[in-house]
Amino acid sequence: MRKLAYVVGISLAMFAVGSGPAWADNGPHRPQVSSSNLAGGNFAADNCASCHRAHTAQASYLLKQAQPDLCYSCHGAGAPGSNTDVYNGQGVDTASTSGWSGLRGGGFVKAAIDSANAKRTAAVGTTPATKTVPTLATSATTTSSHSVDGTLVTAWGGGATGTVGNQVSLRCGSCHDPHGNGNYRILRPIPQEAAVATGSTGVTIPDTTTTKVYTTANYWTSDDLSLPAIQGKDMNGVPLVDRTGKPVMGTAFTANIAGWCTQCHTRYLAPTGSYQNARASSTGTGTDPMFTYQHRSDAGATDKPNCITCHVAHGSNASMGPNSQQVAFPDGVAGGTDSKLLRVDSRGTCVMCHSK
């Protein structure tokens with residue numbers, strides 16, 4: 001009984017999630033969100049009851065409701081607890097005439113990506129090409145999404161050489177720390193289902209006091225440009241440099257996001273030249289027979305080859321044409337209408353960069 005009481009006490013003391021609509025960035029997920037103190041701590045004790053029940057919990061960790069429904073109670077359609085609706089892929093945007101804009105990560109059930117109207121304006125002289133993926137006026141049903149309901153799915157590219165990936169059971173809390181931490185978007189340094197070694201220190205994506213921008217009017221702009229620039233690191237914590245040895249700089253989000261994503265998709269992290277140089281196996285001998293020649297994914301700079309340059313994190317409503325539907329997953333099964341979290345219809349992401 002004493003052990004149970006201790007677990008209950010720690011759970012209630014550490015979890016600080018409120019339901020008010022006016023929280024600042026990550027506010028309710030941080031313990032220090034109230035001036036009320038408890039024995040030297042700065043925990044907003046009343047917020048514990050937003051998510052936990054000591055004796056009548058209906059889900060593990062004494063949660064009053066299982067994920068993702070518990071998360072949707074604040075981050076869902078019409079929910080009062082957050083400015084981000086991850087169910088519909090929308091976020092509050094006071095500058096928009098509708099009062100909302102598309103959430104940059106898309107949505108798990110619906111998303112607002114106008115993937116059919118992606119445009120690339122050819123460069124003129126030394127002017128960089130203009131790339132635009134607009135937002136929809138109304139969110140559309142997703143054609144692919146990360147799982148958040150505990151369903152067993154494959155983390156493609158994770159695990160040992162020769163395999164297609166690891167089987168994982170993802171929930172919202174697999175990637176996000178509901179109690180808050182020092183990472184942007186309260187991302188866990190190591191996702192709970194990650195394939196990296198247990199002793200890894202994880203990837204840090206620093207948070208700041210800067211006001212975050214979670215929405216976008218252009219889905220090709222994957223970065224949060226309000227964040228400061230830092231040097232990126234790979235999933236092993238090694239600082240990234242370009243082919244001349246110059247540090248690869250990006251914001252606190254893009255600089256390290258490739259290293260973060262590839263803690264689950266371990267063999268997807270590829271440097272410059274991987275399109276013509278065979279990837280070494282995870283044992284350091286020979287090549288990886290499954291993921292051999294690859295598109296670069298570790299640039300870490302805004303609008304450069306990176307995991308989130310082509311893909312969104314939550315879910316996409318992009319559609320796949322007849323040829324794209326024949327592209328198989330690593331297990332050899334054709335993808336069909338699954339959009340693989342891509343930002344643009346079919347393989348339009350290729351044309352966004354590789355065209356004149």
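Focus on the sheet that holds strand 3 (residues 100–103)
Picture the strands of a sheet paired through backbone hydrogen bonds; they go either parallel or antiparallel.
Part 1 of the reasoning: Strands sit in the order 1-2-3-11 across an open sheet of four strands; the sheet is antiparallel. Each of the sheet's edge strands pairs with one partner strand only, and the pair in question is strand 1 (84–85) and strand 11 (215–216).
Part 2 of the reasoning: Sheet topology places strand 2 (residues 90–92) next to strand 3; three bridges connect them, and they run antiparallel. Across the sheet, the residue bridging to Q90 is G102, located in strand 3.

Re the packing of aromatic side chains
Part 1 of the reasoning: Summed over the entire model, instances satisfying the criterion amount to five aromatic pairs.
Part 2 of the reasoning: Where Y72 meets Y87, the ring centres are 5.1 Å apart and the plane angle is 85°; that geometry is what we call edge-to-face. Here the residue Y72 occupies a position in helix 2 (residues 69–75), and Y87 occupies one in the loop between strand 1 and strand 2, the gap between them amounting to 15 residues.
Part 3 of the reasoning: Since its relative accessible area comes to 31%, Y87 is described here as partly exposed.
Part 4 of the reasoning: Aromatic pair W156 and F329: ring centres 5.2 Å apart, planes at 15°, arrangement stacked. Of this pair, W156 sits in strand 9 (residues 149–156) while F329 sits in the loop between strand 14 (315–316) and helix 6 (348–353), and the two are 173 residues apart along the sequence.
Part 5 of the reasoning: Exposure remark for W156: the relative accessible area of 19% places this residue in the buried category.
Part 6 of the reasoning: Linked through ring pairs, Y184, Y214 and F253 together constitute an aromatic cluster.
Part 7 of the reasoning: Here the guanidinium or amino end of R185 rests over the ring plane of F253, the centre of that ring lying 4.6 Å away.
Part 8 of the reasoning: Taking the ring centre of F329 as reference, the NZ or CZ of K340 above it sits at 4.5 Å.

As for the confidence of the model for the chain
Part 1 of the reasoning: Predicted confidence across the chain gives a mean pLDDT of 83, with 85% of residues reaching 70 or more.
Part 2 of the reasoning: Note that residues 1–23 has pLDDT below 50 and, in this model, 42 contacts with residues that lie over four places away or in other chains.
Part 3 of the reasoning: Low pLDDT, under 50, characterises residues 33–42; the stretch is placed with 17 contacts to residues that sit more than four places away or in other chains.

With respect to the layout of surface pockets
Part 1 of the reasoning: Approximately 370 Å³ is the volume found for the second largest pocket.
Part 2 of the reasoning: Lining the second largest pocket are 20 residues, and of these N236, T266, L269, A270 and R279 lie nearest its centre.
Part 3 of the reasoning: Of the residues in the lining of the second largest pocket, the class split is eight nonpolar, eight polar and four charged.

A short note on the nonpolar core
Part 1 of the reasoning: By size, the foremost hydrophobic cluster in this structure holds 25 residues, and its most contacted members are Y184, I205, F253, I257 and W260.
Part 2 of the reasoning: Of all elements in the fold, only helix 4 (254–261) and helix 5 (307–310) reach the threshold of two or more residues within this core.
Part 3 of the reasoning: Among the elements that line this core, the one with the most residues is helix 4, at four residues.
Part 4 of the reasoning: In this structure W260 touches C175, L187, R188, P189, P191, V203 and I205, once residues within four positions along its chain are discounted.

Details of the pattern of salt bridges
Part 1 of the reasoning: Taken as a whole, this structure holds four salt bridges when the rule is applied.
Part 2 of the reasoning: A salt bridge links D207 to K212, with the shortest nitrogen-to-oxygen separation between them at 2.9 Å.
Part 3 of the reasoning: Overall, the relative accessible area of 17% leaves D207 in the buried class.
Part 4 of the reasoning: Between R267 and D288 there is a salt bridge; the shortest N-O distance is 3.1 Å. Taken together, the residues R267 in the loop between helix 4 and helix 5 and D288 in the loop between helix 4 and helix 5 connect sequence positions 21 residues apart.

Procedures and definitions
- Residues numbered from 1 in each chain as written.
- Predicted model: local features only at pLDDT ≥ 70, side-chain atom pairs only at ≥ 80, totals over all residues.
- Heavy atoms only, no water.
- Pairing = 2+ DSSP bridges.
- Helix = DSSP H or I, 4+ residues; strand = E, 2+ residues; numbered from the N terminus.
- Phe/Tyr/Trp six-rings, centres within 6.5 Å; stacked < 30°, edge-to-face > 60°.
- Buried < 20%, exposed > 50% of the residue type's maximum accessible area, 1.4 Å probe, protein only.
- Lys NZ or Arg CZ within 6 Å of the ring centre and 35° of its normal.
- pLDDT = per-residue confidence, 0-100.
- Contact = heavy atoms within 4.5 Å.
- 1 Å grid on protein atoms, 1.4 Å probe; cavity = no way out; pocket = protein on both sides within 12 Å on 5 of 7 lines; lining within 4 Å.
- Points joined across faces, edges and corners; volume = space filled by probe spheres on them.
- Nonpolar A, V, L, I, M, F, W, Y, C, P; charged D, E, K, R; others polar.
- Core = buried A, V, L, I, M, F, W, Y, C linked by side-chain atoms within 4.5 Å.
- Salt bridge = Lys/Arg side-chain N within 4 Å of Asp/Glu carboxyl O.

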